[in-house]
Amino acid sequence: MSGDKLRFGLVGLGKFVEIAHLPCYYETAYSDHIELAGICDLSQARLDELAPRCPGAETYTDHKKMFAEAGIDAVVIVTPDHAHTRIVLDALDAGLDVVVEKPLCMLTTEAVDIVEKARKLGRLVVVDFHKRFDPVHLALRERVLGGHYGAVQTAYSWMQDEITVPCGGFFKSDLAAKSSPVWFLGVHFFDVMRFITGLEPIEVRATAYKDEVPAQGVDTYDAVKADFIMNNGASFTFVVSWNLPKGAPALTVQGMTLQCAKGHIALDTTDRGWRDLSSEGNRCINPNFLHRLGKNYRGYAVESPGEGLMEIIEHRKTPFSPKTHPDSFALNGLYATLMGQAVDASLAAGTTMRDGHALVGATININDFLTEQVGADRAKPFLISIE
Ligand SMILES: NC(=O)c1ccc[n+]([C@@H]2O[C@H](COP(=O)([O-])OP(=O)(O)OC[C@H]3O[C@@H](n4cnc5c(N)ncnc54)[C@H](O)[C@@H]3O)[C@@H](O)[C@H]2O)c1
């Protein structure tokens, strides 16, 4: 801390830093409490491009050098999905608290390594799962967990990006080819459905499709559907894709329905009642993501990383414990990663049809899969109990 401000570093200066992180650091109510002291990217050209927007921050091409030299207590990690783990573990070893983009990582073994190390060293690892900060999800969670609708029976959710995201030069790195709709989109909804319902996954079977995205030069799935059984017997279906044709009603189309014993909920989080016809086409605008009040930005895009940094400030005053704040020690990240990797495992163990364009997965038991990945002793604290 310098004075009352948390000094922190930022690793990875890609697309999402411009969309959410820089507005969060410089144009929100959080700005008074934080100071971006160092920025790091492998690309010197990207550092040169963004340095003028990060006044006072030293520039680095090596995250370990920044951790050693920038005089920081925390770091925000916004590297591609596959490049989170090493930097998170190095940050913990350097005594830093961490905010990391979703997904925490792409392997369950790495997620357990991170949670165990964070718990052992007493350092926070907060995952930027911003769907948790969308006011409609917060209100729905209160009603579901408050028993308003009775037992959750089935849920169906979808999150679909326009094909310009994986194939249109959206990313500053090779993220799209090394990720998939499961990791870029699915983890958002795996997490928020756990958050809203309090239910945990016990089994999954997935199907996936490879057509248009590989045809446009990026070798990953177009679309994945994952059918989970949850630990109260509920059935949750997740449909994620990033092959919507150009001209979709929004860059991201999303929503959910829940069928419960005493109620039914239909949540359209694409169309928030604002249809906009402009040079960009006929699009839905989502003010909950980002809007201004006076000079400050608000909205879940900035509130999620901002609240992560505020948790770190609180923790440095009065340390949190993994028992009272399990998600601040990355437990939510671990379960989203476990769900994502179980989907990958289902597809790997299945069969292909239509010359490999369609994959029909096998059924995977989540507790057995976790145990296979990390061994019985390390799996034990994280095993899911059945209601
Ligand atoms: N919360 C959200 O809704 C949301 C939205 C978009 C992206 N994301 C996540 O944010 C992360 C970044 O996404 P993006 O769209 O900004 O990606 P991007 O490809 O545009 O940028 C990634 C940046 O990280 C840099 N980088 C890669 N490895 C590095 C390393 N070892 N050290 C330093 N820099 C390194 C690259 O040079 C690049 O500038 C991903 O994990 C993604 O899933 C989250």
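All figures in this text were calculated on a predicted structure; none of them were measured in a lab. (Residues numbered from 1 in each chain as written. Predicted model: local features only at pLDDT ≥ 70, side-chain atom pairs only at ≥ 80, totals over all residues. Heavy atoms only, no water.)

### Section: the overall build of the chain
Our working definition: Where helices and strands are cited, they refer to DSSP runs of H or I of at least four residues and of E of at least two residues respectively, numbered from the N terminus. Each radius of gyration is computed over the set of C-alpha atoms, and the globule rule expresses the reference value as 2.2 Å times the number of residues to the power 0.38. Throughout this description, buried means an accessible area under 20% of the type-specific maximum (1.4 Å probe, protein chains only), exposed means over 50%, and partly exposed covers the range between. The contact rule is simple, with two residues in contact once any of their heavy atoms fall within 4.5 Å. Each accessible area is a Shrake-Rupley estimate made with a 1.4 Å probe; only the visible protein chains count as cover when residues are assessed. His residues and chain termini do not enter the charge count, which takes Lys and Arg as positive and Asp and Glu as negative. In plain terms, the charge of a residue is placed at NZ if it is Lys, CZ if Arg, CG if Asp and CD if Glu.
Each helix and strand counted, the chain has 14 helices and 19 strands in total. Relative to the compact-globule value of 21 Å for 387 residues, the chain shows a C-alpha radius of gyration of 20 Å, a close match. Principal-axis analysis of the C-alpha atoms gives the chain an extent of 55 × 55 × 45 Å. Burial status across the chain gives 54% buried among its 387 residues. The contacts in the chain between residues at least 6 apart in sequence include a share of 71% that link residues at least 24 apart. Of the accessible surface of the chain, which amounts to about 16200 Å², a share of 52% is contributed by carbon and sulfur atoms. Side-chain charges of the chain comprise 37 positive and 49 negative groups, with the mean position of each set lying 3 Å from the other.

### Quick notes on the layout of surface pockets
As a reminder of what qualifies: Put simply, the grid is 1 Å and covers the protein atoms alone, a cavity is a trapped set of points that fit a 1.4 Å probe, a pocket is an open set with protein on both sides within 12 Å along at least five of seven lines, and lining residues have an atom within 4 Å of a point. Grid points are joined across faces, edges and corners, and a volume is the space filled by probe spheres set on the points. Gly counts as polar in this scheme, as do all residues outside two lists: the nonpolar Ala, Val, Leu, Ile, Met, Phe, Trp, Tyr, Cys and Pro, and the charged Asp, Glu, Lys and Arg. For the domains described, the bounds stem from an automatic or database domain assignment.
Roughly 300 Å³ of volume is contained in the second largest pocket. Taken together, 17 residues line the second largest pocket, and the ones lying closest to its centre are Arg 132, Phe 133, Glu 311, Asp 327 and Asn 332. Where the lining of the second largest pocket is concerned, the elements lending two or more residues are β6 (125-128) and α11 (300-317). If you tally residues by element for the lining of the second largest pocket, the top one is α11, at four residues. Tallied by class, the residues present in the lining of the second largest pocket amount to six nonpolar, six polar and five charged. Lining the lining of the second largest pocket are residues from two domains, each supplying at least three of them: domain 1 (6-130 + 294-326) and domain 2 (132-284 + 335-382).

### Observations regarding the packing of helix α5 (residues 108-121) against helix α12 (residues 331-348)
Note the following rule: Axis geometry follows a simple rule: fit a line to the C-alpha atoms, using only the stretch in contact for helices, then measure angles between N-to-C directions, giving values from 0 to 180 degrees. Note on angle classes: values under 35 degrees are labelled roughly parallel, values over 145 roughly antiparallel, values of 65 to 115 roughly perpendicular, and the remainder oblique.
Orientation of α5 relative to α12, taken along the N-to-C sense of each, is 170 degrees, at an axis distance of 9 Å. In terms of their interaxial angle, α5 and α12 are classed as roughly antiparallel. Judged by residue contacts, Thr 108, Ala 111, Val 112, Val 115 and Arg 119 of α5 engage Leu 331, Leu 334, Thr 337, Leu 338 and Gln 341 from α12.

### A closer look at the packing of α12 against helix α13 (residues 366-374)
For the pair α12 and α13, interaxial distance at closest approach is 11 Å and the crossing angle is 95 degrees. The angle between the axes of α12 and α13 places the two elements in the roughly perpendicular class. Here α12 contributes Leu 338, Gln 341, Ala 342 and Ala 345 to the contact with α13, which in turn contributes Ile 366, Phe 369, Leu 370 and Gln 373. Residues belonging to the contact of α12 with α13 are distributed by class as follows: six nonpolar, two polar and no charged.

### Points about the domain arrangement of the chain
For clarity, the cut-off: Note on definitions: buried area is the accessible-area loss of two parts on being combined, 1.4 Å probe, summed for both. In protein, a polar contact requires one atom able to donate a hydrogen and another able to accept it; more generally it is a pair of N or O atoms within 3.5 Å, and residues adjacent in sequence count only if both atoms are side-chain atoms.
What the domain assignment reports for the chain is domain 1 (6-130 + 294-326) and domain 2 (132-284 + 335-382). Taking only C-alpha atoms into account, the centre of domain 1 sits 25 Å from that of domain 2. When domain 1 packs against domain 2, close to 2400 Å² is buried across both sides, 64% of that on carbon and sulfur atoms. In terms of surface lost to domain 2, no three residues of domain 1 exceed Met 106, Thr 108 and Phe 129, which account for 25% of the buried area on that side. Our count for the contact surface shared by domain 1 and domain 2 stands at nine residue pairs in polar contact (both at pLDDT 80 or more). Secondary-structure elements contributing two or more residues to the side of domain 1 that touches domain 2 are α1 (15-26), α5 and α11. Residue composition of the side of domain 1 that touches domain 2, by class: 12 nonpolar, six polar and 10 charged.

### Examining the packing of aromatic side chains
To keep it simple, the criterion reads: Within 6.5 Å between ring centres, the rings of Phe, Tyr and Trp (the latter by its six-membered ring) count as paired, and their orientation is classed by plane angle as stacked under 30 degrees, edge-to-face over 60, tilted in between.
Under the counting rule described, the total for this entry stands at nine aromatic pairs. Aromatic pair Phe 190 and Phe 228: ring centres 5.5 Å apart, planes at 70 degrees, arrangement edge-to-face. You can see Phe 190 sitting in helix α9 (residues 181-197) and its partner Phe 228 sitting in strand β9 (residues 223-230), a full 38 residues away along the chain. The exposure class assigned to Phe 190 is buried, which follows from its relative accessible area of 3%. Pairing Phe 228 with Phe 238 gives two aromatic rings, centres 5.7 Å apart and planes at 90 degrees, and the pair type is edge-to-face. You can see Phe 228 sitting in strand β9 and its partner Phe 238 sitting in strand β10 (residues 235-244), a full 10 residues away along the chain.

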